[in-house]
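This is what each chain is made of:
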Amino acid sequence: MLNSSQRITPEVRSALKKISHGEIDNEVYKVVYRHQADSPHAAGISPEKVADALELKIKAAFLPDSLAYSLARPGRGDYLIANCHNSSVCAVDNNEVRYLEALHAYYQNQDDYKVRIKELSMTARKIIDKMYKSPDYDLDEEQEEGVLIDILLDRGIEQYPLFSNTRKYYFLMKYNLFDAYYLDDNMFTLKWKAGEILESKGLLDKGTTKLVFEDAGIPIHGLKENLDRYKVDKLRVSDVKILKENGDASAYIRCKIDNIEQPGRKLSARDAELLGLWVNALGIGVKYYADVLDKNREEGKAIADEKTLSRLSMPSVERLIEIYKHGMNEQDIFLARASRNVEVDSLLRSSMLLEMENESVDAQKHCAFSLLSDYIEDIRPGMLTAEEVIQLAKEAAFSTLEGREEENFLMRIPEVFFPIVERTAEFDKGALAYTKVMRDIGRITPSIAYDSMCYYLTYRLYPKWDPTGTDDEYGGIAGCYFYPNENMKNPAEVFPPNLLNEQQWDFISNRYNVKAPFIPETAFMENRIKDVQIYTVRDGGVDIRCVVDGEQQRSKRLSAEDAARYRGDVNRKVLAFEYFMDAFAIGGERDNGMKR
């Protein structure tokens, strides 16, 4: 089990970072292979897994080229790419049948690669997380499980040798055990919660904890009710203070219960220490004024109840949608008032809703709707209508990157809403295309790839006034302009470069007149050919061979005409391209592709 970065060499650490970002290449494989006995292999990153992912990456690097399949009709290749998964599209001849099969194989390799690289990336992130733990909390998963087991077996947190007060606080907060720990019930609730966590981790069979407690005569529903009541009672406590009377070394607690000031009560030495550190101050108030809390509850004077706790426990996005539809209810108003003095409701305390209790319902609704833009990623189908999603998109389209407001929203919206925003025709098609490419949403067709490149080149060099001036991206002085969007990612680094043909790439280059290189070298078929060799063999004939996409091709005999051309002024790559066109097909198709 990893718990220190000292166990990982810089070379392995660099490889892990690449894998965590979904980047693998031959160098990464070599590092993993050399260190296969080290921690990456033990943690689930083996040379075999990296090699499998790398092979799939190579297979998914280039689309099958329609030219290699001799498609009869111009533009038919782009059409089949865009519609290859449409069952109503039929091939018109054997060449199209083979091309569609090649496309299906390509997309299957692409899907398999995404699954493999995601698994490797998640594993690498786990290893890196263990390397860079917080200095305040450095327990790994195995140690945390040991604490949970100790709690369940009645050994208690205080007896765990690695636990300082700081570690204990982080541990309790991480596993949502803070209230269960401080509830005064002989740790029964804490043990129950610890058992449920161990079940969720697969260390106990499902239902074991409930069975053990009920066999001991301790009903789980009773523990839950006590915990919920404790949380509600904490909401009813406010303005907790420590007092010391003259001539008395003892400490006293004073607070408000249900907004009514209470007389001071003497603290135990332990509770005085905790309260002095402001550890669970509200919980200590609950402990010392339990009789007042119970009396007020019986008399109907409690200012908070289970409804308040339920409202407080709601996911933020669901609660905002409730407020957007109905306005703030009684519990929201109470929590807003309570949150002004103490950290009770993080949603209200950090938003404009904190000051909206006396505003009109329409104003509250509008405020909640505007706040939903911060929770776009959490919105699920059915929460909002299509019209509301579009309206939220318009309100959320805000960015410090000038001219890219729609992109900013589209980068965050859940993928399931993309069909809705596409159907409206209210969004720039370039922004939609760029987002789909960068987020890998759906099949990337030639038209989407083209539109994404146009969008990228339009906004990548968006100028903005800067009175101090700056260097431009070519190393020259740009006067009083700088390019805030120069770090936009190039979509051509995401989709297969041969998704656009050479004429399209040339047109884009001329249209935007961009001098800096932005077209991948491998976008042109000739650039995928390396190491062309032309030589005379013993029988007097002339052979040619080369490497295509990193794979050595078998030699082929030049015709007499081409052999004569070779002895003159001819581009070797052009000649190789003519003879090895079938190498641009994929898999088994290479032996059956277009013959010269």
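Residues numbered from 1 in each chain as written. Predicted model: local features only at pLDDT ≥ 70, side-chain atom pairs only at ≥ 80, totals over all residues. Heavy atoms only, no water.

### Here's the deal with a nonpolar patch on the surface
There is a patch of nonpolar side chains on the surface, built from Tyr169, Tyr170 and Met173 and spanning about 300 Å² of accessible area. With respect to the helices and strands, the residue Tyr169 is situated in helix H8 (residues 165-174). (Patch = residues over 30% accessible without salt bridge, like charges linked within 9 Å, V, L, I, M, F, W, Y side chains within 5 Å. Areas by Shrake-Rupley, 256 points an atom, 1.4 Å probe, with all protein chains shown as cover. Salt bridge = Lys/Arg side-chain N within 4 Å of Asp/Glu carboxyl O. Helix = DSSP H or I, 4+ residues; strand = E, 2+ residues; numbered from the N terminus.)

### Observations concerning the pattern of salt bridges
Taken as a whole and judged by the stated rule, the model has 31 salt bridges. Note that Glu141 is salt-bridged to Lys201, the shortest N-O span being 3.7 Å. Of this pair, Glu141 sits in helix H7 (residues 141-152) while Lys201 sits in the loop between helix H10 (188-200) and helix H11 (208-215), and the two are 60 residues apart along the sequence. With a relative accessible area of 28%, Lys201 lands in the partly exposed category. Arg311 serves as the salt-bridge partner of Asp332, at 2.7 Å between the closest nitrogen and oxygen. On the criterion of sequence distance, the pair formed by Asp332 in helix H18 (residues 330-338) and Arg311 in helix H16 (residues 306-313) is long-range, its members being 21 residues apart. The two residues Asp332 and Arg311 agree in class, both being buried. Several salt bridges share partner residues, and in doing so they unite Asp233, Arg236, Asp258, Asp294 and Arg297 into one network. (Buried < 20%, exposed > 50% of the residue type's maximum accessible area, 1.4 Å probe, protein only.)

### Side note on the environment of Tyr175
Take Tyr175: it is sitting in the loop between H8 and helix H9 (178-182). The class of Tyr175 is buried, set by a relative accessible area of 16%. In the structure, Tyr175 is positioned 27 residues away from Leu148 in sequence and 9.9 Å away in space, judged by C-alpha atoms. If we skip the residues at most four places from it in the chain, Tyr175 touches Glu144, Ile197 and Lys201. (Contact = heavy atoms within 4.5 Å.)

### Thoughts on the packing of helix H12 (residues 220-236) against helix H14 (residues 281-288)
The N-to-C vectors of H12 and H14 enclose an angle of 105°; their axes lie 9 Å apart at closest approach. What the angle tells us is that H12 and H14 run roughly perpendicular. Residue-level inspection shows Tyr230, Asp233 and Lys234 of H12 in contact with H14, the latter providing Leu282, Gly283 and Val286. Split into classes, the residues belonging to the contact of H12 with H14 amount to 3 nonpolar, 1 polar and 2 charged. (Axes fitted to C-alpha atoms, helices over the stretch in contact; angles between N-to-C directions. Parallel < 35°, antiparallel > 145°, perpendicular 65-115°, else oblique. Nonpolar A, V, L, I, M, F, W, Y, C, P; charged D, E, K, R; others polar.)

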